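Survey of secondary and tertiary structure
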Amino acid sequence: MGQVGLTGVFAGLDFFNSSTPTSFDPSVSALLSRTPQGALTSIATTNSGGSISSACAMNDVYYIAGSFLSIANTSTSYVVSYLPSSGAFSALGSGGPNGPVSAVYCDPSNDNLWVGGHFSSPGPSVALWNSKSNAWSAPLFKGLDGQVMSITSNASDTSLFFTGSFTTSFSGGVTNNSNNPNVPYSQGASPFSSSLVPIPLQDAEVVGAPSSTDSQFSNIQAILCPAGPDGPGNTWLAAPGSAALITVRTFAAMNAYGVRIGNTFLSGYGTTAFSVTSIPDNTVQSLTYVDPSTGQNLTCTSNCPLSTDASILYQDFLFTTPVSLTGVQITLSGWKGTALGLHMLQLLSSGAFASAIDSQNTQSCFAPNPSNVTMTGTWSPKNANTDIPGTLQTVLVSTVSVGTPASQAPTFTWMPYVSASGQYVVNLVIPGCNNFQDCALRTSVQITVFPGDGSQPFVSTVSQQVPNDVTVPVYSGPIVPSSSSFVTTVTMSLADQPTGEGQDGQYELVAGNVELVLTSANVTSASSGGNGSTSLGTQHGFGFFEWPLNSKSTVDATGLLPNTSETAADIIGVDLYNALGAANSNFAYISAAVQHPSGIIFLGGSFTLATGSLSGTANIVAYKQGSLFSLANGGLNGAVASFALYGDELYIGGSFSDTRTPSTQGKLMGVAMYNVKTNSWSTLGAGVNGVVASIALADTSVQVAGNFTETMTLTGSSSTVGGFATWNITSSSWVNSGGFVEGNFTFVSNGTSSSGQEVSQLLAGNIQTMAKYGATGMVMLSNSGNEDPTVTPLGIQLGSSANTSASTSVAQKRYNHHRRGPATWLSHMKIPALFRRQASTGSSTLPPLPPAPAPAILAGVFWSNSTSSHEVAIIGGNFTFSASSSSSQAIAIYDPVTSTATALAGDQINGVVRTLYVDTEAHLYVGGEFNLTGANANGFAIYDLVGQQWLTTIIQPMQALPGSSVVVRSVTATSYKPDTIIVAGSFAQAGTVACQGICLFDTTLNQWNALGSGMQGDISSVSFAGSNQELLVAAGVITLAGGTSANVAQYSFANNTWTAIGDPTMIPGPVTAVEVNNGNSSSIFAAGRTIDGSSSFMIFWDGVSWYNVGSAFPANSNISQLLMVPLQNTHSSNSIVESDRMLMISGAVSDSTFGSASLVLFDGQTFIPYLASMTAQGTLGYVSSLFYSIANFSFSQQSFLATGIVILVSIAIAAGVVFLLALIGILWTLLSRRDDKLTRYENEEEDEDSIQHRPSSLLEHINAATRTTILGTPNLFIGAEKEEAAREGGVEPEGDPFEPDASNYLRAATPSDAVVGTMATEEEGSRPAHARYSFDGSGEGELPLTAGMELEILDDRDNAWWYARHPQTGREGVVPASYLY
């Protein structure tokens, strides 16, 4: 059948399974698994009132935590392990947390499970479970004094961040173990070296040779301040097998303290040894560094070792003292693998710096902004040579009249960027007057230094009357790092009592460079400067605590922590505590933290900063370069619950609607995206209509879980979801999450995997209902190789339509699918390319169409799009969708390959689409209840898919009956009349042609034509019969010429006439669906509703009469489509449905044996529930139709071998002359049969073990012909009198040694639909029969058949082959019994 699509009114569906729940007790918390494709499976539920808050995976075991006392009937307190391979839940020993758990973190490297929450044992709010020792313990820091809400790792997975509503306290004094928090942490750096600001090298000449020829690794500039992780575009590699030399020249004097080098850890590459030579003195520098493995200080000169440990981001190598230079040469002499390479290279300053020339103050790596200068008065540049060869010094000078008061003289202020607190010497570099030839103009200046940290400004007077360059210390002491609220300043002004007489009545003030030389990083401040606090006593922190995973220290975080245990990031808590204020911290909490690879740490929760420059910042804040940093527009206007970081995109979930200062018109509903690089906000559509509790990543999508019911787009449309939604990062749109669920969710995990298990994510919350697959009205089906087919849901989210005609109010009641009956048969048989086969232990008007509230897909058709070379699905119904920044409705072109939908160009449909058809000219025929905006169309229209336009001018519109509207329910075509389209439904005429209910459109002449005459009514369904579809079968409410009511009627294209099929009175009421079994006009199924509307029915036409199939369905059943579908395995044979197929019943079907289903299979004996669906409201959904891509699908006719000849030859060899006697007997039998008369037979079952080979087609005749010769039997048949006597006497008639059995015949390809062997029990004669299928009859003694042919059966005693005569030609021969009825 090619590609197969299933459409309907549903939001979720699942294969029918009596053991799988579809509805849940909302008072419990359910745990679900989600595959990478989005399919959902229920795993377990908690006790009533329980909740699940978090989970993590370690060594193929999941750890689930929350507030519950049992899960999956396993008694446990708050934490449980789950083994996917066995499905077993287990309690984690004894002595675990005695209160609710909010967060877990799995540390597989140490076999530790960290849990945080609100409990007192085994540690306050924090505990550890070791999976090796199977024991609980408190952490080494004892615990925390308040609730822990999240546990996450830093960017390098070397430490844990704990957040919540607790406080911490650190004692004052020296902090020895804290590196600078404003640069990415590395064990290869010290607090001292990490405090040195890198010298900007953007304008330097940097050359690395020999270099790799790979363009992704040949740019040496990329490693000066890498923009991303070690890899292409961020790493430099040398040529294979060679040492290399990197030369850096600035052509300006600078004071450097060392180099920062980061190795590459790409597979097969790495540097192991190097040395540094200063320029211009060409001195190989002695370097001091920290050994990352031991923490000891070591010294090297040549062949300095560079660590190949991938956890060491970089190493700092310091000169003995700061060196004045213009560049360096770095010789890379040792490597491993193919070639050497580096990921990072920086030249470290003596501490910090600022130039008087603002253009030279470029931004340093890891700095939020460059150093800066301000000035008053007029300053102009002046150049001079320096003491260092090849360099030129530029300064700024300003003149002032002698006698000018200092308050009126020009001023100059340097604002150097300071990265970290420490003891600094501030030096003012004074250019010598000899080089500038301005000694007579020089005078003295006053220097004022504002160092911060509570220190008073330091003022000194410095003489600029120096012949040569000098460096003058102007301050020595503690300096506070730069922040948004404070910057260290060095201000120069005219001295109060200037020295010198000046020249021509003028003094000259000279501004050069300011250098800050770090002498010690051991300065403790209560704050990094983010809020200006300067207390040197006990430091208090709020809501944030960092703990290194390799720390062996034993401390008490619930009391006063020694400052030796304080990490660089712990300053975050201190800054938060001070910025919040004591009153605000009582109600605030931090619920989420995440670190960007650049080192920036983001914190989210419920808080508003009340003091300092960030006052008013709310609910989310960043920490970078040593201070708190406000995100754009002051944060968010509601609480933050969860983070998910994808590259530079931070996805945020919570209970907000916009930024703190509104900037998105309320489009940040519950979810938002913040771009780390651009400091800007982006929307996810228009968000969701509720609160988001958890957010996670899965591949290139964001999973959003919480308490909401809709996702919204920027165009104003919305899609119904049940507390769980998926945002596709690539397409920037809400997409189908793959499964269907309705509930209030508390947690979703990031995409993970476990060996031997397809589970990739865990999802938890209070659920009302769920289905394995979720889709707004359509799924694609394909073979999977497993028990069930692969189900691919519609990849886009459809929204509600403006149309309401197809919608009815739906109660919010949860619908329970009562699953009873033969559900255990589901896995035993298979349907190729479609299904896996299962088995199972009022008035005469059409009933109203089932409600189709939006979003609903009611029809589909496949079309090969030559533009994209994809086979796309065109879908129609009652829905809206977003395409090209606009909203469209009712019809869409969906590409299953890209999971995208496009709208038809031109006028838009206003209404509901119910049927679609595409012809060979790529014309799309659309039927339903609609009109076209700006065009004259009523329920039917034609669209040119290639020309992308509606063909409104070639067709006259439909016209409705008085008091009604046009409804087109079927658009089909017949191979018997090419270039025509059959349109059926409820209408009075097409254009000027009176053709009530059904009309033919000639696509060549663009004309309507009536089919026959005298037919009136409403048509619901159309099918075709005959080998060339020369017969049309219409169903509905039909009145033929002469007033004959015939709800199923047949139209012959050959003679242009309508006739009723069978006795119309045998049809209980209006028919809603009809199906002809593979073109056989004597095998028709029809379904509908009784006239009184009390029940639904399904009936079968066998060529003679209609009869009921099964018992009546309840009144709430609606059957929308009947379709024969192929089987991969066969079912038991019967007289209604061949063993290689089944009848698929689509709609909403209820039955006393299985409950309710949306798709049911019928094998001729049993109704087998296959799929159950539900709407977004949790009520029973229904399947509208199945459509497939093979336009002229038919069941393959079996190829029968001419085995008769083979059998005859075999017998001739074995029996010799006996065979001649047999042939004479056959001839005699055939002649004598012509006058035989037999009465009609009575039905009984045929052998059900048929296989695909022709049986011994002539054995029965050979047997009959040789009886007289061998047995002396005077008659060819067992006499009726003898058989009757045998029956009455309870004795079986004497057996025939020649009758066929397993040893002397092969079986038929398909079983017979009628019982065999009855003619032998009655008077000889013949009985009528019809050919169900065509048969070539090419074998010897065979009679050719065409479907529908009338025959006379002369001998039916062989189970597989009967002897028959064609009454019109008189020709006789054997035919397959299974081909007759």
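Residues numbered from 1 in each chain as written. Predicted model: local features only at pLDDT ≥ 70, side-chain atom pairs only at ≥ 80, totals over all residues. Heavy atoms only, no water.

**Quick look at the pattern of salt bridges**
To keep it simple, the criterion reads: Counted as salt bridges are all cases of a side-chain nitrogen of Lys or Arg within 4 Å of a carboxyl oxygen of Asp or Glu. Using a 1.4 Å probe on the protein chains alone, a residue whose accessible area is under 20% of its type maximum counts as buried, one over 50% counts as exposed, and one in between counts as partly exposed.
The tally for this structure, following the rule as stated, stands at 14 salt bridges. The salt bridge involving arginine 442 is made with aspartate 438; its shortest N-O contact spans 3.2 Å. Comparing arginine 442 with aspartate 438 shows no difference in burial state: the two are buried. What you see here is one network of salt bridges that share partners, running through Lys382, Asp438, Arg442 and Glu508.

**Some remarks on the sheet that holds strand β69 (residues 958-959)**
For the record, the criterion: Any two strands between which DSSP finds at least two bridges are classified as paired. In this description a helix means any DSSP run of H or I spanning at least four residues, a strand means any run of E spanning at least two, and both kinds are numbered starting from the N terminus.
Spatial ordering of the open sheet is given by β69-β72-β73, a layout of three strands whose pairing is antiparallel. Only two strands of the sheet have a single partner each, and these edge strands are β69 and β73 (993-994). One ladder, built from two bridges, connects strand β72 (residues 989-990) with β73; its direction is antiparallel. Within the sheet, the bridge partner assigned to alanine 990 lies in β73 and is valine 993.

**Observations regarding the sheet that holds strand β75 (residues 1007-1009)**
Formally: Where helices are involved, their axes are fitted lines through C-alpha atoms of the stretch in contact, as for all axes, and angles between N-to-C directions lie from 0 to 180°.
Read from one edge to the other, the open sheet built from four strands follows the order β70-β71-β74-β75, with strand pairing classed as antiparallel. Lying at the two open borders of the sheet, with one neighbouring strand each, are β70 (967-972) and β75. Averaged over neighbouring strand pairs, the angle between their axes works out to 30 degrees when direction is ignored. Relative to strand β71 (residues 980-986), β70 runs antiparallel, the two sharing five bridges. Its bridge partner lying in β71, serine 970 is registered against alanine 984.

**Observations concerning the environment of threonine 1065**
Our working definition: The term polar contact refers here to a pair of N or O atoms within 3.5 Å; inside protein, the definition further demands a hydrogen-donor-capable atom paired with an acceptor-capable atom, and it admits residues adjacent in sequence only when both atoms are side-chain atoms.
By secondary structure assignment, the location of threonine 1065 is in the loop between β79 (1057-1060) and β80 (1071-1077). Among the residues examined, threonine 1065 registers a relative accessible area of 66% and is labelled exposed. A C-alpha to C-alpha distance of 9.3 Å links threonine 1065 and asparagine 1047, two positions 18 residues apart in sequence. Polar contacts involving the side chain of threonine 1065 include one to the side chain of aspartate 1063, which spans 2.7 Å.

**Regarding the state of the cysteines**
Quick note on the threshold: For the purposes of this analysis, a disulfide is any pair of cysteine sulfur atoms at a distance within 2.5 Å.
Following the criterion strictly, the structure yields five disulfides and no others. Residue cysteine 995 pairs covalently with cysteine 999 via a disulfide, S to S 2.3 Å. Disulfide cysteine 995-cysteine 999: the torsion about the S-S bond is -90 degrees, which places it as left-handed. On the basis of relative accessibility, which here comes to 0%, the residue cysteine 999 falls in the buried class. Cysteine pairing in the chain follows 1-2, 3-6, 4-5, 7-8, 9-10, where each cysteine in a disulfide is numbered by its order in the sequence.

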